[in-house]
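Now for the letters of each chain:
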Amino acid sequence: KNEVEQSPQNLTAQEGEFITINCSYSVGISALHWLQQHPGGGIVSLFMLSSGKKKHGRLIATINIQEKHSSLHITASHPRDSAVYICAVMEYGNKLVFGAGTILRVKS
Amino acid sequence: DSGVTQTPKHLITATGQRVTLRCSPRSGDLSVYWYQQSLDQGLQFLIQYYNGEERAKGNILERFSAQQFPDLHSELNLSSLELGDSALYFCASGSGSKYEQYFGPGTRLTVT
């Protein structure tokens, strides 16, 4: 079993829909990252969370440390949100362990 | 723009060869992390340096080595290259005292 599990693996949505991507992990962590990777390959860090909830524009990330679970929400999705979203947990010692990613496609 | 630079962007080389990938961290960041992203294994942590010293090691092969220089830039050396080493190699930098990491644009290595 992978240390970091993401669901769904693939997600297709219509423009304007509310999207949720889930991440579960099995190890003790100091923080959790949500990353976005566009087809060109570059990785952008969206959020770094160690507790609670963060919001940036249409993106919201939450984490429940007790349940070892995090969610990334996208409100009013747009085709430009199409990308791979990757959950990564920071184990103690600053080592990042990555989920397999969720491929999101938003259709207009 | 994350402020992290990586060179070269693309590299094509033959099996058995040796290459060096370079990473310059954001101004003020002391930590450099190296990651490999391949089609079959996804993103994997390779190694971390902090202020010139190795801090953490992940799934880094013995054929690979890295170092961080006094000016804080880092190099990842890959030798005796195999077809399976073809991947995107990312570096990221961070302050070391916080948990945020900033990713560079990556180097795409193709081994033929």
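Cut-offs and rules
Residues numbered from 1 in each chain as written. Chains lettered and ligands numbered in written order. Predicted model: local features only at pLDDT ≥ 70, side-chain atom pairs only at ≥ 80, totals over all residues. Heavy atoms only, no water. Helix = DSSP H or I, 4+ residues; strand = E, 2+ residues; numbered from the N terminus. Buried < 20%, exposed > 50% of the residue type's maximum accessible area, 1.4 Å probe, protein only. Contact = heavy atoms within 4.5 Å. Salt bridge = Lys/Arg side-chain N within 4 Å of Asp/Glu carboxyl O. Buried area = accessible area lost by both parts, 1.4 Å probe. Polar contact = N/O pair within 3.5 Å; in protein donor to acceptor, adjacent residues only side chain to side chain. Nonpolar A, V, L, I, M, F, W, Y, C, P; charged D, E, K, R; others polar. Phe/Tyr/Trp six-rings, centres within 6.5 Å; stacked < 30°, edge-to-face > 60°. Lys NZ or Arg CZ within 6 Å of the ring centre and 35° of its normal. Pairing = 2+ DSSP bridges. 1 Å grid on protein atoms, 1.4 Å probe; cavity = no way out; pocket = protein on both sides within 12 Å on 5 of 7 lines; lining within 4 Å. Points joined across faces, edges and corners; volume = space filled by probe spheres on them. Disulfide = S-S within 2.5 Å.

Colleague: How would you summarise the side chain of Thr13 of chain B if you had to cite specific residues and measurements?
Modeller: Residue and element names in this part refer to chain B. By the secondary structure assignment, Thr13 is in strand E2 (residues 10–13). Thr13 gets classed as buried once you look at its relative accessible area, which sits at 14%. Residues contacting Thr13, with those up to four places away along its chain left out, are Val19, Leu81, Leu109, Thr110, Val111 and Thr112.

Colleague: Help me get a handle on the pattern of salt bridges, residues and values and all.
Modeller: Residues and elements named next belong to chain B. A complete count under the given rule lists 4 salt bridges over all chains for this structure. One salt bridge connects Glu82 with Arg63, and the closest N-O pair in it is separated by 3.7 Å. Separated by 19 residues along the polypeptide, Glu82 in the loop between strand E8 (74–78) and strand E9 (87–94) and Arg63 in the loop between strand E6 (53–57) and strand E7 (64–68) bring together distant segments of the chain. Of the charged contacts, one joins Asp85 and Arg63 as a salt bridge, the two residues approaching to 2.8 Å between their closest N and O atoms. Of this pair, Asp85 sits in the loop between E8 and E9 while Arg63 sits in the loop between E6 and E7, and the two are 22 residues apart along the sequence.

Colleague: So what about the interface of chain A and chain B? Which residues, and what values?
Modeller: Across the boundary between the two partners, chain A contributes 18 residues, which contact 16 residues of chain B. In this assembly, chain A packs against chain B so that about 1,500 Å² is buried in total across both faces, 63% of it on carbon and sulfur atoms. By the criterion of area lost to chain B, the three top residues of chain A are Ile43, Asn94 and Phe98 of chain A, representing 37% of everything that side buries. Taken together, the links from chain A to chain B amount to 0 salt bridges. Viewed at the interface, chain B and chain A are joined by 1 residue pair in polar contact (both at pLDDT 80 or more). Broken down by secondary-structure element, the contributors of at least two residues to the side of chain A that touches chain B are strand E4 (29–37), strand E5 (43–49), strand E9 (83–91) and strand E10 (95–98) of chain A. Its residues placed into classes, the side of chain A that touches chain B shows 8 nonpolar, 9 polar and 1 charged.

Colleague: Hey, could you go over the packing of aromatic side chains for me, with residue numbers and the actual values?
Modeller: Applying the stated rule across the entire model yields 6 aromatic pairs over all chains. Taking 5.2 Å as the distance between ring centres and 90 degrees as the angle between the ring planes, the aromatic pair formed by Phe98 of chain A and Tyr35 of chain B counts as edge-to-face. With one member in each of two chains, Phe98 of chain A in strand E10 and Tyr35 of chain B in strand E4 (residues 31–38) form a pair that bridges those chains. Taken individually, Phe98 of chain A and Tyr35 of chain B each receive the classification buried, so the pair is uniform in this respect. Where Tyr33 of chain B meets Tyr35 of chain B, the ring centres are 6.4 Å apart and the plane angle is 15 degrees; that geometry is what we call stacked. Ring-pair connections join several aromatic residues into one group, and the members of that group are Phe98 of chain A together with Tyr33, Tyr35, Phe45, Phe90 and Phe103 of chain B. Directly above the aromatic system of Tyr102 of chain B lies the positively charged group of Arg26 of chain B, at a separation of 3.7 Å from the ring centroid.

Colleague: Please give an account of the pairing of E9 of chain A that cites residues and values.
Modeller: Within a regular strand, side chains alternate between the sheet's two faces. All names here are of chain A. Of all 9 residues in E9, 8 are buried; the element is thus mostly enclosed. Direction of pairing for E9 relative to strand E11 (residues 102–107): antiparallel, over a ladder of 3 bridges. When the sheet's bridge partners are listed, Val84 is paired in E11 with Ile103. Pairing between E9 and E10: 4 bridges, direction antiparallel. From the neighbouring strand, Ala88 faces E10, where its bridge partner is Phe98.

Colleague: Tell me about the layout of surface pockets, residues and numbers included.
Modeller: Within this model, the largest pocket holds a volume of roughly 900 Å³. Ala100 of chain A together with Ser38, Gln41, Gly42 and Leu43 of chain B are the residues nearest the centre of the largest pocket, which is lined by 36 residues in total. The class makeup of the residues in the lining of the largest pocket is 15 nonpolar, 15 polar and 6 charged. The calculated volume of the second largest pocket comes to roughly 160 Å³. Lining the second largest pocket are Gln36, Ser38, Asp40, Gln41, Gln44, Leu46, Asn59, Leu61, Phe64, Gly84 and Asp85 of chain B. Every element with two or more residues in the lining of the second largest pocket is listed here: E4 and strand E5 (42–50) of chain B. Broken down by class, the residue content of the lining of the second largest pocket amounts to 3 nonpolar, 6 polar and 2 charged.

Colleague: Lay out the state of the cysteines with the relevant residues and their values.
Modeller: Per the stated rule, a full pass over the model turns up 2 disulfides over all chains. With a sulfur-sulfur separation of 1.9 Å, Cys23 of chain A is cross-linked through a disulfide to Cys87 of chain A. Taking the sign of the torsion about the S-S bond as the criterion, the disulfide between Cys23 of chain A and Cys87 of chain A, at about -60 degrees, is left-handed. One end of the pair, Cys23 of chain A, is in strand E3 (residues 19–25); the other, Cys87 of chain A, is in strand E9, and 64 residues separate them in sequence. Note on cysteine connectivity: Cys23 of chain B is disulfide-linked to Cys91 of chain B, with sulfurs 1.9 Å apart. Between Cys23 of chain B and Cys91 of chain B the sulfur-sulfur dihedral comes to about 70 degrees; the bridge is accordingly right-handed. With Cys23 of chain B in strand E3 (residues 19–24) and Cys91 of chain B in strand E9, this residue pair connects regions lying 68 residues apart in the sequence.

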